[in-house]
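Observations on the three-dimensional arrangement
Here are the chains, one letter per residue:
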Amino acid sequence: MTESSAITPEQVAHLASLSRIAMSEDELAALAGGLSTILENVARVNEVVGDDVPATSHPIALSNVLRPDEVGATLTSEQALAAAPAAADDKFLVPQILGEE
Amino acid sequence: MSEFIAKSALELAAGLTSGEFSSVEVTQAHLDRIRDTEEDFGSFITVTDDLALATAKDVDDRRSRGEDLHALAGVPVALKDLVVTEGVRTTAASKILENWVPPYESTVHLKVKAAGLPVLGKTNLDEFAMGSTTEHSAFGTTRNPWNLEHVPGGSSGGAAAALAGFQAPLSVGTDTGGSVRQPAAFTGTVGVKPTYGSISRYGIIAMASSLDQVGPMGRSVADAAALHMLLAGHDPLDSTSLPDPVDDFVALAQNGTLKGKKLGVIKQLIGEGYDAGVRDAFTAVLDVAAAAGAEIIEVDVPSISYALDAYYLIMPSEVSSNLARYDGMRYGLRVEPTEGPVTAETVMAATRAAGFGAEVKRRIILGTYALSAGYYDAYYGSAQKIRTLVQRDFAKAFETVDVLVSPTAPTTALKFGAESASDPMALYLGDVATLPANLAGIPGLSLPAGLADGLPVGFQVLAPAREDRRMYAVAGPLEAALEAAGSRVLDTLAEGLTK
């Protein structure tokens, strides 16, 4: 993987689609170059660790705690909708989600 | 320069308590200073004059009634615009949140309000805290008060410039890979990244959740310590918040001694890649520490060589996940595509294209790549294992020394536009000395180490996780020893700013 960490604009286009970011051809090309440089530098991470090293996902070892399930104060729907780009009938108004067919 | 502007936060607190002056006077002096200098420094995205003066007046009234107040009541503070403030626009320096007025309160702002600190405003940052120059802000340029042609560092660049420009005596920043310590180093101020979980992240706009930590900033170690004490403590609203009691960091900073303390110089964080001026200033601080009775030992933290690589995989991975919430549906910007069908998916893509800046997009794409099927184990998985190695190496090093030390950054503040678009790694390398602490969750502090070519150099002190007290007990007396030895960086600054 270290030799072939170069990223093509086509790959970036796929990643941009997964990330829901519309991008121009110029942006895709520029990002492909920048990402290749970064990956060339960081790709060696898998060369220095063996299977015997456990992964750390959280810096401080804490056990998960649950609070009592009590009803507390929440935002009113008016407050929750106040910053919405569009709202109607006490709900968020969103563009069409399902296809026509 | 108004007499109030040059005072430390603790001096202001003492004067307020004794009734020598009022919070309204102090707050107004800082607001005047902001008005007079903001065109030069550009530290703030939003200045909250009315709110600050209302708080100041309220504190003055309560004090005159003899109410029991917090030690810092009436001392103004600036908040990085990544801290959610109910009813006050919070932008994260991003166009996607340009007009967002939060309907809820962060724990940090809640504590600041409860203690009666007037909030002067919201300071500038790199968009969503991604960057180390504050150039990646959608809300204008912040300049380094030491030299307006240089960046203030970042991402808490506005927070640091507000301190160095004497616009605020205290600042709240955030540190994901050095975003409090590096701008502190670049501006001759003090910046602290506490142990992960020391200060609640509830209401701090998330960048990389396993690395983000709120950081108190001031113009002295004791000032930063006082703000740390105010902000720290367990918060049921943040499940990663530590249940530990809060130590008296101010007393530790003021009463500590260097005598017999073992300072471990991290071998991997000095030498190649570090400016000669930075190395000289760092060595000079070690000499002062040694003269004050500290023992200087060179220590090996080998995995630090790979920490940068691991960080630049873990951080963007968490970024790509955290920033998925900006979808243009519930709050923030919404942009419809100019051509083609208007569906939820195309609106999200158009919104995120228009709302995010180039660096944010780059990190989202990089993180999406590192987390995608087929690459996950090699990149994200390996990076998490390196994180384990870094923690182990730090733990081993702390068996032989009290604290670890290094220059905070390899260079002094860069000039504007130094970043090369084609080589993002060149700028990322500037985080090499600070980000290991975020990977390991340990506390770190940067204090002024003198000047190199007229620009400040930072000296970093690292302590084991949940041992923030140790960091203050060294940094406090070290600052005092440096001042006794004639290195008062802030005096230079204060004189330079008196026009």
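All of these numbers come straight from a predicted model, not from anything done at the bench.

1. Details of the overall build of chain A
What chain A contains, in helices and strands, is four helices and two strands. Seen in sequence order, chain A has helices and strands lined up from the N terminus as α-α-α-α-β-β. Against the globule reference of 13 Å for 101 residues, chain A gives a C-alpha radius of gyration of 23 Å, more extended than a compact globule. Expressed along its principal axes, the backbone C-alpha trace of chain A runs to roughly 55 × 45 × 30 Å. In chain A, which comprises 101 residues, the share counted as buried stands at 20%.

2. Looking at the overall build of chain B
For chain B, the count of helices and strands is 17 helices and 11 strands. A compact globule built from 499 residues would reach a C-alpha radius of gyration of about 23 Å, and chain B, at 21 Å, matches this within 12%. Seen through its principal axes, chain B has C-alpha atoms that stretch 65 × 55 × 45 Å. Burial analysis of chain B (499 residues in total) assigns 63% to the buried set. Pairs at least 24 residues apart make up 77% of the contacts formed inside chain B by residues separated by at least 6 positions.

3. Here we look at the packing of helix H9 (residues 276–291) of chain B against helix H16 (residues 468–484) of chain B
Residue and element names in this part refer to chain B. Where H9 contacts H16, the axes come no closer than 10 Å and their chain directions differ by 100 degrees. The angle between the axes of H9 and H16 places the two elements in the roughly perpendicular class. Contacts between H9 and H16 involve Val 285, Val 288 and Ala 289 from the first element and Leu 478, Ala 481 and Leu 482 from the second. Looking at the contact of H9 with H16 residue by residue, the classes come out as six nonpolar, no polar and no charged.

4. A look at the pairing of strand E10 (residues 444–452) of chain B
Residues and elements named next belong to chain B. Among the nine residues of E10, seven are classified as buried, and the element is accordingly described as predominantly covered. Summarising the sheet, strand E5 (residues 190–193) and E10 pair through three bridges and their orientation is antiparallel. Paired with Lys 193 across the two strands is Gly 444, which belongs to E10. Of the pairings in the sheet, the one linking E10 to strand E11 (residues 455–462) comprises seven bridges and is antiparallel in character. Of the residues in E11, the one forming a bridge with Leu 445 is Val 461. Between the end of E10 and the start of E11, which pair antiparallel, lie two residues, with Asp 453 showing a positive phi angle near 50 degrees.

5. Notes on the environment of Asn 147 of chain B
All names here are of chain B. Topologically, Asn 147 is positioned in the loop between strand E3 (119–123) and helix H5 (157–164). Put simply, Asn 147 and Thr 187 are 40 residues apart on the chain and 9.6 Å apart in space, counted from C-alpha to C-alpha. Ignoring any residue separated from it by four or fewer positions in sequence, one finds Asn 147 in contact with Gly 454 and Leu 455.

6. Some remarks on the packing of helix H10 (residues 304–322) of chain B against helix H13 (residues 377–397) of chain B
All names here are of chain B. Between H10 and H13, the least distance of the axes is 8 Å, while the angle of their chain directions is 135 degrees. Looking at the two axes, H10 sits oblique to H13. Crossing of H10 over H13 shows left-handed handedness. Note on element contacts: H13 touches H10 through Tyr 379, Tyr 380, Ala 383, Gln 384, Ile 386, Arg 387 and Val 390, opposite Ile 304, Tyr 306, Ala 307, Ala 310, Leu 313, Ile 314 and Ser 317. Taken together, the residues of the contact of H10 with H13 break down into 11 nonpolar, two polar and one charged.

7. Section: the interface of chain B and chain A
Contact residues are listed per partner, giving 58 residues for chain B and 45 residues for chain A. Going through the elements one at a time, H10, helix H11 (344–355), helix H12 (358–370), H13 and helix H14 (424–428) of chain B are the ones with two or more residues in the side of chain B that touches chain A. Counted by class, the side of chain B that touches chain A contains 34 nonpolar, 14 polar and 10 charged residues.

8. Describing the nonpolar core
Formed by 176 residues in total, the largest nonpolar core has its most connected members in Leu 35 of chain A together with Val 77, Ala 307, Ala 310, Leu 313, Val 403 and Ala 475 of chain B. Here this core gets 11 residues from one element, more than from any other, and that element is H10 of chain B. Among all residues touching Leu 35 of chain A, those that are not within four sequence positions of it are Ile 7 and Val 12 of chain A together with Ile 365, Leu 366 and Tyr 369 of chain B.

9. A look at the environment of Arg 363 of chain B
Its location among the elements puts Arg 363 of chain B in helix H12. Placed 86 residues apart in sequence, Arg 363 of chain B and Ala 449 of chain B show a C-alpha to C-alpha distance of 32 Å.

10. A look at the sheet that holds strand E7 (residues 262–266) of chain B
Residue and element names in this part refer to chain B. The mixed open sheet is built from 11 strands, whose spatial order is E1-E3-E2-E4-E6-E5-E10-E11-E9-E7-E8. Of all strands in the sheet, those with a lone pairing partner are strand E1 (44–47) and strand E8 (295–299), marking the two edges. Within this sheet the neighbouring strands show an average axis-to-axis angle of 30 degrees, counted without direction. Pairing of strand E2 (residues 77–80) with E3, which is carried by four bridges, proceeds in the parallel orientation. Within E3, the position partnered with Leu 79 by the bridge is Lys 122.

11. Considering H5 of chain B
All names here are of chain B. With eight of eight residues buried, H5 is to be regarded as a mostly interior element. Those residues of H5 not exposed but buried are Gly 157, Gly 158, Ala 159, Ala 160, Ala 161, Ala 162, Leu 163 and Ala 164. Just downstream of H5, Phe 166 is the residue with a positive phi angle, here 55 degrees.

12. Some thoughts on the confidence of the model for chain B
Predicted confidence across chain B gives a mean pLDDT of 95, with 97% of residues reaching 70 or more. Complex prediction metrics read pTM 0.96 and ipTM 0.92.

Procedures and definitions
- Residues numbered from 1 in each chain as written.
- Chains lettered and ligands numbered in written order.
- Predicted model: local features only at pLDDT ≥ 70, side-chain atom pairs only at ≥ 80, totals over all residues.
- Helix = DSSP H or I, 4+ residues; strand = E, 2+ residues; numbered from the N terminus.
- Rg over C-alpha atoms; globule rule 2.2 N^0.38 Å.
- Buried ≥ 20, exposed ≤ 12 C-beta atoms within 10 Å, placed from the backbone.
- Contact = placed C-beta atoms within 7 Å.
- Axes fitted to C-alpha atoms, helices over the stretch in contact; angles between N-to-C directions.
- Parallel < 35°, antiparallel > 145°, perpendicular 65-115°, else oblique.
- Nonpolar A, V, L, I, M, F, W, Y, C, P; charged D, E, K, R; others polar.
- Pairing = 2+ DSSP bridges.
- Left-handed = near helix turned anticlockwise from the far one by under 90°.
- Core = buried A, V, L, I, M, F, W, Y, C linked by C-beta atoms within 7 Å.
- pLDDT = per-residue confidence, 0-100.

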